[in-house]
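Each chain, written out:
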Amino acid sequence: MTAGSNASVLVSERDGFRVLTYAGRLDAVGAGRVWKSTMWAARQRLPLIFDLARVTLCDTAGATMLVFAEEAQGAPARIEGATPEIEAVVMRVRETPRRPVHEAVSRAQTVRQEAMTAYRDVSDVIVYIGEALVALGKLPMRRRMWRGADFWRTADQAGVRAVPLVLLLGVLIGLILAFQSLVPLRRFGADLYAADLVGISLARELGPLLAAVILSGRTGSAFAAEIGTMKVNEELDALATMGLDSMTMLVLPRLVAATLVMPALTIIMELAGLVGMTMVLKGFGFAPVTVWNQIAYWVVAKDVIGGLVKSMVFGAAIALIGCRAGLTTGVGPRAVGISATRAVVGGIVASIVIDGLFALAFYRLNV
Amino acid sequence: MSALPQPAVRGVGLSQIFEGRTIYKNVSFEVARGQVYAILGGSGSGKSTLMKQAIGLLRPAAGRIEVLGRDMYGDRGAGEDDDVLREIGVMFQSGALFGSMSLLQNVMLPLEMYTDLPLAGREAVARTKLGLVGLADAADMNPAEVSGGMTKRAAIARALALDPPLLFLDEPSAGLDPITSAGLDRLILELRDTLGATFVVVTHELASILAIADRCLMLDSVAQGMIAEGDPRELRDSSTQPTVRAFFRREAMA
């Protein structure tokens, strides 16, 4: 293997044999140069002769090429002029067990496999939700397995530490929404109704949804990575052999923590949004008192409560999805990363889908 | 392989210090081409460190190391001499296989980077290498799915991918069963004989050392350096150095 690797092959015919006369170094680089000509010659169906008299070196890569050509042709070739060392290498490669180079998997097969995987995934999810509910029901009997410390740590991580981000995002969203809606409303002299627009949309939709996006990105992915790393390190197996239920010990504290912090995050998000909106309206000449009166009149309790109920469901869904992504982590260095991605994407998508279902239910119930 | 007379590896006055702690100092040795050279020593004596210096991963605190006639830490910076790097194969202690690829793809990677072989050619060569180390049937598995011994053998197959004239193996037989370990020893001798490859092997498997090593050097953490160099069988029979004697007789030091 040097930069000066050179190899050549001369193809000729003699007495009904295909003669391949090689020269130079038949190492991996050299074999790369003459591989195609060799295989072309081997496919001509004539028995092969390898003339190796002018080969200076033949390693296992070169020998593999010769053996591969023999196999393509169908019969062992005659080897001429090889030094004992080269002959030994070729013999060694001939004797080495080697699986055939394989063909691509057919598309139909891939589709069938993917469909099976999808089906299994769906049934796994149903089983998983059932297991979580059973674990919740059995919790009074398994009080020792409830990790209080885990719960408080998660609540702190998912809730308290998310507050600055929630505040920032809330104020910005309030500012932007108020500004964007004020300009067109002003044409109709309805400027002040921007307060209702922003207030209602924050309370019913944006507050819970944005909080869910933050929770999914900060916490869902963290759940997946934590539990996924535990899985990779066989810690989950260790728990199982001690007779401890990972659903109760790991999933429940996270589930409860995420469910409980979400209404708080949502409220903070909404208040921050209203502050942002008030700032804009103030700039347009409305006193804060006017704005707050307007909101207090139009945004009613059921808007806020409906939003908070939704946010708890989002929190539960995100926690369950994040933990499941962790528990189903595969093997290898990429597995934890894949799990974290699945947690974030799954959490956000699930929140929006659930939000749609809530919209439908609220409409039917006339809430 | 060129017929140059220079040794495959030459270390002159090598030292290593980690955070003020001397690992070894003034280690000099020569590995002749076509030899199997063993680096021995107890744990913590710096065997793997010495190997890291030789393969260009760790600049020595003092001294110089030449691999295939070129200074590893010369003008081109630490371990940046691509030509040398292409002519050495390294098997790391843990295997260091890429976990996102199958064993086959691990072995195919260097072939893809450094040769013009078509896909079928790369795969055929890679399958030959895996066959050589007895892994023909495991080629399509992922590193995480195979046992520790199979990981080591796959790592050797990857080190062999380009049939380098010089191979560094860090503890190839540690943690392997005696049969697999003996198979590896045979493979190393076979590769040396058929390809004329040179091996530098870090090990403390006594049976393996005596079976394959042409020469060896022994490092010692107490002496902070080299305490013996030579043919391992001679060292076993006639060394007067107490640590060397204890090592070869598997005795605890008094």
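The model shown is predicted, which means the values in this text are computed figures rather than measured ones.

Undergrad: I keep staring at the packing of helix H3 (residues 103–114) of chain B against helix H5 (residues 148–159) of chain B and nothing clicks. Help me out?
TA: Packed helix pairs are characterised by how far apart their axes lie and by the angle those axes make with each other. Residues and elements named next belong to chain B. Direction vectors running N to C along H3 and H5 enclose 20°, while the axes themselves pass 8 Å from each other. Accordingly, the angle class assigned to the pair H3 and H5 is roughly parallel. Crossing geometry of H3 relative to H5 is assigned as right-handed. Contacts between H3 and H5 involve Leu-103, Asn-106, Val-107 and Pro-110 from the former and Ala-154, Ala-157 and Arg-158 from the latter. By residue class, the composition of the contact of H3 with H5 is five nonpolar, one polar and one charged.

Undergrad: Explanation requested: the pairing of strand S3 (residues 36–41) of chain B in the structure shown.
TA: Side-chain direction in a regular strand flips from residue to residue, so the side chains alternate between the two faces of the sheet. Residue and element names in this part refer to chain B. A large share of S3 lies buried, amounting to six of its six residues. Neither face of S3 is left uncovered, since the one carrying Val-36, Ala-38 and Leu-40 and the one carrying Tyr-37, Ile-39 and Gly-41 both have all their residues buried. Relative to strand S9 (residues 215–220), S3 runs parallel, the two sharing five bridges. The residue of S9 that forms the bridge with Gly-41 is Leu-219.

Undergrad: Before we go on, may I ask you to explain empty space enclosed by the protein in this structure?
TA: Using a probe with the size of a water molecule, rolled over the atoms, empty space left in the structure can be pinpointed. Residue and element names in this part refer to chain A. As enumerated under the stated definition, the model contains three cavities of 30 Å³ or more in all. Each pocket or cavity is described by its volume, and for the largest cavity that value is around 60 Å³. Lining the largest cavity we find Arg-153, Thr-154, Gln-157, Ala-158, Thr-219, Ala-222, Phe-223, Glu-226 and Arg-254. Each residue belonging to the lining of the largest cavity can be placed in one class, and the counts come to three nonpolar, three polar and three charged.

Undergrad: Sorry, what's going on with the domain arrangement of chain A here?
TA: How large an interface is tends to be reported as the accessible area lost when its parts come together. In terms of domain boundaries, chain A breaks down into domain 1 (7–95) and domain 2 (146–365). The gap between the C-alpha centroids of domain 1 of chain A and domain 2 of chain A is 67 Å.

Undergrad: Hey, could you run me through the pattern of salt bridges in this one?
TA: Here the idea is simple: oppositely charged side chains can pair when their charged atoms come close. One pass over the full model with this rule turns up 26 salt bridges over all chains. Residue Arg-153 of chain A pairs with Asp-150 of chain A through a salt bridge whose shortest N-O separation is 2.9 Å. A residue pair is termed a helical-turn pair when its members lie 3 or 4 positions apart in one helix, as Arg-153 of chain A and Asp-150 of chain A do in helix H5 (residues 148–158) at three residues. Ionic pairing is found between Asp-237 of chain B and Arg-236 of chain B, a salt bridge with its closest N-O pair at 3.1 Å. By relative accessible area, Asp-237 of chain B is classed as exposed at 54%. In this structure Arg-236 of chain B comes out as partly exposed when scored by relative accessible area, which is 34%. Through salt bridges with shared partners, a single ionic network connects Arg-10, Glu-30, Arg-64, Glu-66 and Asp-71 of chain B.

What counts, and where the lines are drawn
Residue numbering note: each chain is counted from 1, following its sequence as written. Throughout, the order in which chains and ligands are written sets their labels, letters from A for the former and numbers from 1 for the latter. Per-residue local features are limited, in this predicted model, to residues with pLDDT of at least 70; the limit for side-chain atom pairs, both in listing and counting, is 80 or more; totals at the level of whole chains, interfaces and linings are taken over all residues. Neither water nor hydrogens contribute to the side-chain values; these are computed over all heavy atoms in the structure. All axes here are fitted lines through C-alpha atoms, helices being fitted over the stretch that makes contact, and every angle between N-to-C directions spans 0 to 180 degrees. Numbering of helices and strands starts at the N terminus; helices are DSSP runs of H or I of at least 4 residues and strands are runs of E of at least 2. For this classification, under 35 degrees means roughly parallel, over 145 means roughly antiparallel, 65 to 115 means roughly perpendicular, and everything else is oblique. Here a crossing is called left-handed whenever its near helix is offset anticlockwise from the far helix by less than a right angle, and right-handed whenever the offset is clockwise. The contact rule is simple, with two residues in contact once any of their heavy atoms fall within 4.5 Å. Ten residues, namely Ala, Val, Leu, Ile, Met, Phe, Trp, Tyr, Cys and Pro, are considered nonpolar, four, namely Asp, Glu, Lys and Arg, are considered charged, and the remaining ones, Gly among them, are considered polar. Think of it in three bands: residues with accessible area under 20% of the maximum for their type are buried, residues over 50% are exposed, and the middle band is partly exposed, with areas taken using a 1.4 Å probe on protein chains only. Think of it this way: DSSP has to see at least two bridges between two strands before they count as a pair. Two kinds of site are reported from a 1 Å grid over the protein atoms alone, namely cavities, where a 1.4 Å probe fits but cannot get out, and pockets, open sets with protein on both sides within 12 Å along at least five of seven lines, and residues are called lining when an atom falls within 4 Å of a point. Grid points are joined across faces, edges and corners, and a volume is the space filled by probe spheres set on the points. Domain extents, as shown, originate in an automatic or database domain assignment. By definition, a salt bridge exists where a carboxyl oxygen of Asp or Glu is found within 4 Å of a side-chain nitrogen of Lys or Arg.

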